[in-house]
Amino acid sequence: MSVTVHIPTILRSLTAGSADVVVSPQEATVQGTIDALETAHPGIRARLLDESGTVRRFVNLYVGDEDIRSCGGLAAAVPAGGDISIIPAVAGG
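Residues numbered from 1 in each chain as written. Predicted model: local features only at pLDDT ≥ 70, side-chain atom pairs only at ≥ 80, totals over all residues. Heavy atoms only, no water.

Enquirer: Which residues make up the pairing of strand β2 (residues 20–23), and what values go with them?
Expert: Here β2 shows a clear split, with V21 and V23 buried on one side and none of D20 and V22 buried on the other. Pairing between strand β1 (residues 3–6) and β2: 4 bridges, direction antiparallel. Counted as the bridge partner of T4 is V22 from β2. (Buried < 20%, exposed > 50% of the residue type's maximum accessible area, 1.4 Å probe, protein only. Helix = DSSP H or I, 4+ residues; strand = E, 2+ residues; numbered from the N terminus. Pairing = 2+ DSSP bridges.)

Enquirer: Would you mind going over the nonpolar core in detail, with residue names and values included?
Expert: Core analysis: the largest hydrophobic core is formed by 23 residues, its most contacted members being I7, V30, L37, L48, L61 and I86. Broken down by secondary-structure element, the contributors of at least two residues to this core are β1, β2, α1 (30–40), α2 (44–48), β3 (59–63) and β5 (83–88). It is α1 that provides the largest number of residues to this core, a total of 4 residues. The contacts of V30, once residues within four sequence positions are left out, are L61, V63, I68, G73, L74, A76, V78 and I84. (Core = buried A, V, L, I, M, F, W, Y, C linked by side-chain atoms within 4.5 Å. Contact = heavy atoms within 4.5 Å.)

Enquirer: Just give me the short version of the side chain of T29, but keep the residues and values in it.
Expert: The topology assignment puts T29 in the loop between β2 and α1. Exposure remark for T29: the relative accessible area of 10% places this residue in the buried category. A polar contact is formed between the side chain of T29 and the backbone nitrogen of G32, at a distance of 2.9 Å. (Polar contact = N/O pair within 3.5 Å; in protein donor to acceptor, adjacent residues only side chain to side chain.)

Enquirer: Please provide a residue-by-residue account of the environment of T33, values included.
Expert: Within the fold, T33 resides in helix α1. The buried category is assigned to T33, whose relative accessible area is 2%. Taking C-alpha positions, T33 is 7.1 Å from V23, a pair spaced 10 residues apart along the chain. With residues up to four places along the chain from it excluded, the contact list for T33 reads V3, V5, V23, P25, E27, V78 and I84.

Enquirer: Explain the pattern of salt bridges to me, using residue names and the numbers behind them.
Expert: Within the structure shown, the criterion is met by 2 salt bridges. Linking E51 and R56 is a salt bridge whose minimum nitrogen-to-oxygen distance equals 3.9 Å. By relative accessible area, E51 is classed as exposed at 75%. (Salt bridge = Lys/Arg side-chain N within 4 Å of Asp/Glu carboxyl O.)

Enquirer: Describe unusual backbone geometry, with residues and values.
Expert: Glycine aside, negative phi is the norm for most residues, and most peptide bonds take the trans geometry. Within the chain, A16 stands out as a residue other than glycine whose phi angle is a positive 55°. Inspection of the secondary structure assignment puts A16 in the loop between β1 and β2. Given a relative accessible area of 76%, A16 falls into the exposed group.

This is the structure:
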C-alpha cells in the first residue's frame, strides 16, 4: 500500500525539497503514515506532533478532503493510493 503525502513549503527542507512524498505505511491510518514518513524523513514527526503525540494545534492534516479531526484523528483510515495533505495554520493580524 502506498500513500502520497503533500508537504508544505515550510517542511520541504526535511524532504530534500520534495513537495510530494510517497510512503508505504505498515498501518493504513494517519498515524501509520506519519510513522512511515518519519522513517523516510527523520525529524518530520516532531514538526507535526507534540510531545504527547497529539497533532500540533497549528497543523491541519487532511485525508483526501476530510480534516482528520472530524474523521478519527490519528486513527483515521487512509485508503491504499490515498493522499494526506499537511496544511500549516495561517495567522495574521
